[in-house]
Amino acid sequence: TERNYLENIDQEQQYTTTQFEFSVIYAQVNDMVTLEPPKTYSPTEHYLYWSFGGLELAWRNPIGGSGLNADILIWSGNSLIITKIPQGQFGTFTCTLGRDKIEKNLSMNQTSPLLPGDRVSLTCDAEKPHSLKSPQIHWLNPQGVRIFGYQQTVTATGLHNGEWTCVVTNDNKEKRAKIKVTVVDLSPAPTSPLYTSKSQPLTIPCSIPSGISWEQVKAKGVQGVHWDYFPNTGLSHISGDPQRLFSLSLNDTLRWQPDRSRGLTPVSSLIKGNLSLFINKAKEEDRGDYVCTMKFRNGVTLKRTVQVNVLQIISSPETDLISGQQLNLTCSLGRLLSSDLQLKLIPPEQSALQLLTSDREPALLNIPEVGTGDSGKWRCELWQRSARLTYAVIALKIEPKLSVWMLIIICSVTVIVLLLLVLVFILCHRRQRKMRHPRHRLCHCKNPKPKGFYRT
Ligand SMILES: *[C@@H]1O[C@H](CO)[C@@H](O)[C@H](O)[C@H]1NC(C)=O
Ligand SMILES: *[C@@H]1O[C@H](CO)[C@@H](O)[C@H](O)[C@H]1NC(C)=O
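An unreviewed UniProt entry annotates the protein as CD4-1 molecule originating from Sparus aurata.

See below:
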């Protein structure tokens, strides 16, 4: 018996003899013959197969699979045993070893990073040397979803960003290899609208994937990055004129240039690819769509639209009231409520009024006569099933009403004070007249009585 040890060294499935072992076994017909693999054989790294006269007798693969093509053959550990060697089987037995080539054969027909819209093929070529049984191959995309086929051709989007795994399965054992795909794309916009209020700040998200640097984005031919605002006049669904909020200066120092910032501020982690905007104390006028755009020279435009809803609580006529006044509290979102949304108007703890729940927009609470107990913080909350989306707070100040008796007392006191003032005025006036003509007066007095200030 002859043993050859061949090692596969490249992807073209050409095998070059790197080592060669040769040994001779003497046997008689019907003897048991043990064929040992080469000393360098590693069961977890090599494919192995035995052949005689060009016909495959047996194979093993590094993921535990094996096969025998004749019933006189059995495996004993790594050795192949011919239980009873027949007459015609004397000659040269060849053992070939091959390496696992899966990782070498993972390939992508484009250079990373990709732009959305690029067509890219990922190939996992796990073909085995010669006649070894083809294993099953599937891919796992970055989200971990299984896709069948050794080659995947996709139109790149941000969702393809990340590690793709090729899984080779044979006899229920698997071997995995990974390839990294980078796509310059904007993070997906939130799937549902965002909610904010004067009481709750909000980050309007937009970002590029964390693994991508601005240098890579620039190398892809980025032309402009900006934020626009599309006002939404709420219930009428008519959008107003768009406004440019910020433009990104793509020169050496990366920074946002405000066009019309409307009280929004970009977050500080721009360098790390975070393009988000921050809005504090959002008002009714901030309701609308915020659009983050990235344009490339080749015509690719990436856009993400974030709908921002602002919850608002309004007190009519005002927030400073006197008990007994009529008051309307309105809590509104400025758009029709979908069936899963609910508004709750919550009075301050000491108030005798009940919580108001409304499925309709706006939630309106009419209080015919407010009391001092209604003073304090009123909250309006927006709920989606069992989750609170946002809340708004208003503080009411309610002074006690003056009673009739208090009014009478105050009026009486005022009248008395006024009378006293008149009396004092008259007295002063008379004294002043006396002071202007003191001698004349003194002369005419029969019994002049010098007082403290009539010095003699
Ligand atoms: C961007 O910055 C904001 C505010 O600091 C943060 O909340 C958000 O998670 C950041 N986004 C990413 C993708 O890092
Ligand atoms: C409160 O609302 C009612 C009905 O909507 C209205 O008639 C009334 O004038 C309002 N009062 C105030 C003080 O706004």
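Structure shown, so let's carry the discussion forward.
## Section: the site of ligand 2
Neighbouring ligand 2 are Ser316, Pro317, Gln326, Asn328 and Asn366. In the model, an oxygen atom of ligand 2 is placed 2.7 Å from a nitrogen or oxygen of the serine 316 side chain. Within the side chain of glutamine 326, one N or O atom sits 2.8 Å away from a nitrogen atom of ligand 2. Expressed as a share of its isolated accessible area of 360 Å², the protein-covered part of ligand 2 is 44%. Of the residues in the shell around ligand 2, the class split is one nonpolar, four polar and no charged.

## Side note on the side chain of threonine 293
Structurally, threonine 293 is set in strand S24 (residues 288-296). Using a relative accessible area of 3% as the deciding quantity, one classes threonine 293 as buried. In this structure, threonine 293 is in contact with Gly224, Val225, His226, Asp228, Thr301, Leu302 and Lys303, ignoring residues within four places of it in sequence.

## Re the sheet that holds strand S28 (residues 341-346)
Within the open sheet, the five strands sit side by side as S26-S32-S31-S28-S29. Their pairing is mixed. This sheet does not close on itself; its edge strands, each paired only once, are strand S26 (320-322) and strand S29 (356-358). Here the average twist between neighbouring strands, direction ignored, is 25 degrees. Relative to strand S32 (residues 387-399), S26 is paired through three bridges, and the arrangement is parallel. Pairing of aspartate 320 across the sheet is with lysine 397, part of S32.

## Here's the deal with the sheet that holds strand S3 (residues 33-35)
Strand-to-strand pairing in sheets goes through backbone hydrogen bonds, with the strands running parallel or antiparallel. The sheet built from three strands is open, its strands ordered S3-S8-S7 with antiparallel pairing. Each of the sheet's edge strands pairs with one partner strand only, and the pair in question is S3 and strand S7 (73-76). Going across the sheet, the axis of each strand differs from the next one's by a mean of 30 degrees, ignoring polarity. Pairing geometry for S7 and strand S8 (residues 79-82), over four bridges, is antiparallel. Along S8, the bridge assignment pairs isoleucine 74 with isoleucine 81.

## Some words on the pairing of S8
Of the two faces of S8, the one holding Ser79 and Ile81 and the one holding Leu80 and Ile82 are both buried throughout. Bridge count for S3 against S8 is three bridges, and the pairing is antiparallel. In the sheet register, threonine 34 faces S8, and the bridge partner there is isoleucine 81. Counting the residues that bridge the hairpin from S7 to S8 gives two residues, and of these glycine 77 lies at a positive phi of roughly 65 degrees.

## Here we look at the packing of aromatic side chains
Aromatic ring pairs are reported here in terms of the distance separating the ring centres and the angle at which the planes meet. Under the counting rule described, the total for this entry stands at four aromatic pairs. Ring geometry for tyrosine 229 and tyrosine 290: centres 4.8 Å apart, planes at 40 degrees, overall tilted. With tyrosine 229 in strand S19 (residues 222-231) and tyrosine 290 in strand S24, this pair connects stretches of sequence that are 61 residues apart. By the burial criterion, tyrosine 229 is buried, and tyrosine 290 matches it. Note on phenylalanine 246 and tryptophan 256: the rings are 6.1 Å apart at their centroids and 65 degrees apart in plane angle, and the pair reads as edge-to-face. Taken together, the residues phenylalanine 246 in strand S20 (residues 243-249) and tryptophan 256 in strand S21 (residues 255-258) connect sequence positions ten residues apart. For the pair phenylalanine 246 and tryptophan 256, one class covers both residues: buried. Note that arginine 60 overlies the ring of tryptophan 75, its terminal NZ or CZ placed 4.6 Å from the centroid.

## Considerations on the pattern of salt bridges
In the structure shown here, the tally under the stated rule is seven salt bridges. Where glutamate 163 meets lysine 178, a salt bridge forms, and the shortest distance between an N and an O atom there is 3.9 Å. Pair noted here: glutamate 163 is in strand S15 (residues 162-170) and lysine 178 is in strand S16 (residues 173-181), with a separation of 15 residues, a long-range link. Since its relative accessible area comes to 43%, glutamate 163 is described here as partly exposed. For lysine 178, a relative accessible area of 51% translates into the label exposed. The closest approach of N and O atoms between aspartate 286 and arginine 262, which form a salt bridge, is 3.2 Å.

## Some thoughts on unusual backbone geometry
Residues serine 316 and proline 317 are joined by a peptide bond in cis, for which omega reads 10 degrees. Assignment of secondary structure puts proline 317 in the loop between strand S25 (301-316) and S26. A cis amide bond, omega -5 degrees, links glutamate 361 with the succeeding residue proline 362. Here the phi dihedral of asparagine 30 falls at roughly 75 degrees; this positive angle occurs in a residue that is not glycine. By the secondary structure assignment, asparagine 30 is in the loop between strand S2 (15-19) and S3. The phi torsion at lysine 281 lies on the positive side, around 50 degrees, for a residue other than glycine. What makes lysine 281 exposed here is its relative accessible area of 52%.

About the criteria used
- Residues numbered from 1 in each chain as written.
- Chains lettered and ligands numbered in written order.
- Predicted model: local features only at pLDDT ≥ 70, side-chain atom pairs only at ≥ 80, totals over all residues.
- Heavy atoms only, no water.
- Near = heavy atom within 4 Å.
- Polar contact = N/O pair within 3.5 Å; in protein donor to acceptor, adjacent residues only side chain to side chain.
- Areas by Shrake-Rupley, 256 points an atom, 1.4 Å probe, with all protein chains shown as cover.
- Nonpolar A, V, L, I, M, F, W, Y, C, P; charged D, E, K, R; others polar.
- Helix = DSSP H or I, 4+ residues; strand = E, 2+ residues; numbered from the N terminus.
- Buried < 20%, exposed > 50% of the residue type's maximum accessible area, 1.4 Å probe, protein only.
- Contact = heavy atoms within 4.5 Å.
- Pairing = 2+ DSSP bridges.
- Axes fitted to C-alpha atoms, helices over the stretch in contact; angles between N-to-C directions.
- Phe/Tyr/Trp six-rings, centres within 6.5 Å; stacked < 30°, edge-to-face > 60°.
- Lys NZ or Arg CZ within 6 Å of the ring centre and 35° of its normal.
- Salt bridge = Lys/Arg side-chain N within 4 Å of Asp/Glu carboxyl O.

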